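Reading the structure
Listed below, chain by chain, are the residues.
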Amino acid sequence: SAQTFTTVGYGRISPTGILTSAIASFEALIGLLTFAVATGLMYGRFSKPTAFIRFSAHALISPYKNGTALMIRLSPFKNTLLSDAEAKITVGMVIEENGKTFNKFYPLTLEMDKVNSMNLSWTLVHAINEESPLFNVSEDDFKNGSGEVMVFIKAFDDMFSNTVVARTSFTFQEIIYGARFKPMFFSDKKRNKTVLDLSALNAVEKINL
């Protein structure tokens, strides 16, 4: 049975008779199916494309033009080329109307929701204006309120030749009110290359709004 299940077939033992041949055929079929399923599961597990994208630890409410904006920074890492990247942000908030409390979700419009190539960092910017669901949300609301900002990124990875996705979320308590990101890329000494400093992904500075 072990030789039949593993399809080794040393040739020293062979079934004789109808019953033993039927059992051997059944064992051979089960053995082939087992190896096929195991191979498919292993391939699916380890060949799954991974999005090598890191997000900032906090989202920020930063000055933007004549007002403010929600900003989230992300950056690729490892030697991979991401192209046709697309970003979507949704905010979920607990709303109270007519004495009833329920969850409500709003898509947030971005200053730029698509880029042709992600070689450096990318800061997602949602302008907080009269059309934004965050327009009347104050600093105290972010500290004490209940809500979450969900981020979804989709891009094409040349290394995998496939589309990869990455997602993260920030609760209102993980949003820093009155701050901005510090630059995380600079020119090298010869000033002919741009260096991306991944350690500065979460570097922020407080400012007054």
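Up top is the structure.
What comes next concerns the included structure. All figures in this text were calculated on a predicted structure; none of them were measured in a lab.

1. Some details on the overall build of the protein chain
Helices and strands together make up the secondary structure of the protein chain, namely three helices and 14 strands. Relative to the 2.2 N^0.38 estimate, which gives 17 Å for 209 residues, the radius of gyration of the protein chain is 27 Å and therefore markedly larger than a compact globule would have. Seen through its principal axes, the protein chain has C-alpha atoms that stretch 90 × 65 × 25 Å. Of all 209 residues assigned to the protein chain, the portion counted as buried reaches 31%. Carbon and sulfur atoms provide 54% of the accessible area of the protein chain, an area that totals close to 13800 Å².

2. Focus: the nonpolar core
Counting residues in hydrophobic clusters, the biggest one holds 34 residues, and the most contacted among them are Leu124 and Leu134. At the level of elements, strand 1 (53-55), strand 2 (59-64), strand 3 (67-76), strand 4 (82-97), strand 6 (114-118), strand 7 (122-128), strand 8 (147-157) and strand 9 (162-171) are the ones that each hand at least two residues to this core. Tallying contributions element by element places strand 4 first for this core, with seven residues. Aside from chain neighbours lying at most four places away, what touches Leu124 is Leu70, Met71, Ile72, Leu74, Ala87, Ile89, Leu110, Val151 and Ile153.

3. Remarks on the side chain of Ser83
Residue position: Ser83 is located in strand 4. Setting aside its immediate chain neighbours within four residues, Ser83 contacts Asn116, Ser117, Ala155, Phe156 and Asp158.

4. Some words on the environment of Glu139
Looking at the element boundaries, Glu139 is found in helix 3 (residues 139-144). With relative accessibility at 31%, the residue Glu139 sits in the partly exposed group. Spatially, the C-alpha atoms of Glu139 and Ile176 are 8.7 Å apart, while their sequence positions differ by 37 residues.

5. Details of the environment of Thr7
Here Thr7 lies in the loop between helix 1 (2-5) and helix 2 (18-46). On a C-alpha basis, the gap between Thr7 and Tyr64 in space is 68 Å, while along the polypeptide they are 57 residues apart.

6. Topic: the side chain of Asp157
With respect to the element layout, Asp157 can be found in strand 8. One buried charged side chain, Asp157, makes no salt bridge at all; its nearest oppositely charged neighbour is Lys78, positioned 9.8 Å away. In this structure, Asp157 is in contact with Thr50, Thr80, Leu81, Leu82, Asn162 and Val164, ignoring residues within four places of it in sequence.

7. A closer look at a nonpolar patch on the surface
On the surface, a nonpolar cluster with roughly 460 Å² of combined accessible area is contributed by Phe5, Phe26, Leu29, Ile30 and Leu33. Here the element with the most residues in the nonpolar patch is helix 2; it accounts for four residues. Its place among the elements puts Phe26 in helix 2. Exposure remark for Phe26: the relative accessible area of 53% places this residue in the exposed category.

8. A few points about the packing of aromatic side chains
Throughout the structure, instances matching the rule amount to three aromatic pairs. Centroid distance Phe52 to Phe77: 5.5 Å. Interplanar angle 80 degrees. Geometry classified as edge-to-face. On the criterion of sequence distance, the pair formed by Phe52 in the loop between helix 2 and strand 1 and Phe77 in the loop between strand 3 and strand 4 is long-range, its members being 25 residues apart. Assessed through its relative accessible area of 17%, Phe77 is described here as buried. An aromatic cluster is present here, built from Phe142, Phe172 and Tyr177 joined pairwise through their rings. In this arrangement the basic side chain of Arg54 is found over the ring face of Phe77, its NZ or CZ atom lying 4.3 Å from the centre.

9. Observations concerning the pairing of strand 4
Taken together, the four bridges between strand 4 and strand 6 define a ladder with antiparallel strand orientation. When the bridges of strand 6 are listed, Glu86 appears paired with Lys114. For strand 4 and strand 8, the ladder comprises ten bridges, and the chain directions are antiparallel. Considered in strand 8, the bridge of Ile89 is made with Val151. Of the pairings in the sheet, the one linking strand 4 to strand 5 (residues 100-108) comprises nine bridges and is antiparallel in character. Along strand 5, the bridge assignment pairs Met93 with Lys104.

Cut-offs and rules
- Residues numbered from 1 in each chain as written.
- Predicted model: local features only at pLDDT ≥ 70, side-chain atom pairs only at ≥ 80, totals over all residues.
- Heavy atoms only, no water.
- Helix = DSSP H or I, 4+ residues; strand = E, 2+ residues; numbered from the N terminus.
- Rg over C-alpha atoms; globule rule 2.2 N^0.38 Å.
- Buried < 20%, exposed > 50% of the residue type's maximum accessible area, 1.4 Å probe, protein only.
- Areas by Shrake-Rupley, 256 points an atom, 1.4 Å probe, with all protein chains shown as cover.
- Core = buried A, V, L, I, M, F, W, Y, C linked by side-chain atoms within 4.5 Å.
- Contact = heavy atoms within 4.5 Å.
- Lys, Arg positive; Asp, Glu negative; His and termini not counted.
- Salt bridge = Lys/Arg side-chain N within 4 Å of Asp/Glu carboxyl O.
- Patch = residues over 30% accessible without salt bridge, like charges linked within 9 Å, V, L, I, M, F, W, Y side chains within 5 Å.
- Phe/Tyr/Trp six-rings, centres within 6.5 Å; stacked < 30°, edge-to-face > 60°.
- Lys NZ or Arg CZ within 6 Å of the ring centre and 35° of its normal.
- Pairing = 2+ DSSP bridges.

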